[in-house]
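An overview of the molecular structure
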Amino acid sequence: MALLTRISESFWSEDFWLPGNTTWADLEKDDGLTYPKFSDLYRPLFLSIIVFFMRFAFERWIATPLGRCLGIREGQSRPPPDNPILERQFQRSKSNKPLDKQILTDLGKQTDLSAREIERWFRMRRNAERPSPMVKFTESTWRFTYYVSIFIYGVAFLWQKPWFWDSTYCWRGYPRQDLTPDLYWYYMISLSFYWSLLFSQFVDIKRKDFWQMFIHHLATICLMCFSYTNNMVRIGSLVLVVHDAVDYWMEAAKMAKYASLQKLCDALFVVFTVVWFVTRLVLYPMKVIYSSVFEQMRIVGYFPASFVFNGLLLLLQLLHYLWFYLICRIAYRAIKLGQVDKDDRSESEEDDAPLDEDDDEHTRGESATRPRQRNGTRAK
């Protein structure tokens, strides 16, 4: 017990969390101000469960009917004919990369199928595991609804706050700053959503940047919890609103893509790219990071917790550069193709290339199910 007490005292050291000449007792005084309490951070964990069920209800009762009105396909792609030999190879090498020529040759000898038929079987098998356009549409619709709602809420209450216009107010009088109800709920709702994203990511559509997104969600949660604990909520609210300003544009573009509204998708993607660049590569480093690094140093002075906080801000910025690279790849491909092809992070569905004209139904179906013996004769 004594060891746990010492660990707790070391973790909550005022020398680490607070600037000089400030104690935790100063943030518990009955001076008419409301200060954050660490115990408040348990609430978003429970609220995230509510958010998860809200998402389930929204996708089922609102997003899915909307998708049907737009004619979006619901079912998954047709699976290929059963073929134990090809299935074993598929389970051994789950990848979007083309099969090696030697592997194709070996499989052809075992199944009496051409290389083209084998490649088509693998395309169909991969597509059968991918979510349908309706599943993608409902996920994007839910995220779009949240992002646009929380952005409107954030701008509405921050518009009246002095630190929204002059970031030095993030540090004037720090840490004795009032936690207003609107700012409190901005944090609680945002934390609940990011907790739900962190958990649901393991059951959502798998993307190439799974671990980047996992780190992003985890870093955001740590950043919010960290800033809430020592009352850096003003600068934290600026971090949130800058991020919320761009996300719904991407979700709207994806919704248009799944609904086959290509021109709308292209236009929304252009807006998304511009807003991303302005908010995350200009405003975020020049306004938020600058304030946290330089204005804090000038007004409050550095203390150990501020180094950790700024490190998390910089980690997010590194992820911003990585994602902007992916955005530029999509933009480059769009210029070449004349349209936005897909979200570069997604496991998108592959086209089933048609077989040669002389491939009949027997070749496409029954022959793909018959294994061949090693001596080259067809199994009976």
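Up top is the structure these notes are about.
Note that the coordinates shown come from a computational prediction; the quantities given were computed from them, not determined experimentally.

1. Description of the environment of V148
Counting through the fold element by element, V148 comes out in helix 7 (residues 133-158). The partly exposed category is assigned to V148, whose relative accessible area is 21%. Spatially, the C-alpha atom of V148 lies 7.5 Å from that of D244, the residues being 96 residues apart in sequence.

2. Overview of the side chain of S192
In this fold, S192 is placed in helix 9 (residues 181-200). Relative accessible area serves as the criterion here: at 1%, S192 is assigned to the buried category. What S192 contacts, discounting residues up to four positions off in sequence, is P44, L47, S48 and V51.

3. Re the nonpolar core
Counting residues in hydrophobic clusters, the biggest one holds 60 residues, and the most contacted among them are Y187, Y228, I235 and Y284. For this core, the secondary-structure elements that each account for two or more residues are helix 3 (43-69), helix 7, helix 9, helix 10 (210-229), helix 11 (233-258), helix 12 (262-299) and helix 13 (304-337). The biggest single contributor to this core is helix 9, with eleven residues. Core analysis: the next-biggest nonpolar cluster, separate from the first, contains 14 residues, V246, W276, L326 and I327 among them.

4. Points about the packing of aromatic side chains
All chains considered together, the criterion is met by 37 aromatic pairs. On the numbers, 5.3 Å between centres and 85° between planes, the contact of F16 with W17 is edge-to-face. Judged by centre distance (6.0 Å) and plane angle (40°), the ring pair of F269 and F272 falls under tilted. In this pair, F269 and F272 both sit in helix 12, three residues apart, roughly one turn of the helix. In this structure F269 comes out as buried when scored by relative accessible area, which is 6%. Since its relative accessible area comes to 3%, F272 is described here as buried. Ring pairing ties together the aromatic residues F11, W12, F16, W17, W24, F38, Y42 and F226, which thus form one cluster. Taking the ring centre of Y169 as reference, the NZ or CZ of R172 above it sits at 4.1 Å.

Calculation criteria
Residues numbered from 1 in each chain as written. Predicted model: local features only at pLDDT ≥ 70, side-chain atom pairs only at ≥ 80, totals over all residues. Heavy atoms only, no water. Helix = DSSP H or I, 4+ residues; strand = E, 2+ residues; numbered from the N terminus. Buried < 20%, exposed > 50% of the residue type's maximum accessible area, 1.4 Å probe, protein only. Contact = heavy atoms within 4.5 Å. Core = buried A, V, L, I, M, F, W, Y, C linked by side-chain atoms within 4.5 Å. Phe/Tyr/Trp six-rings, centres within 6.5 Å; stacked < 30°, edge-to-face > 60°. Lys NZ or Arg CZ within 6 Å of the ring centre and 35° of its normal.

Just geometry here; none of it tells us what the structure is for.
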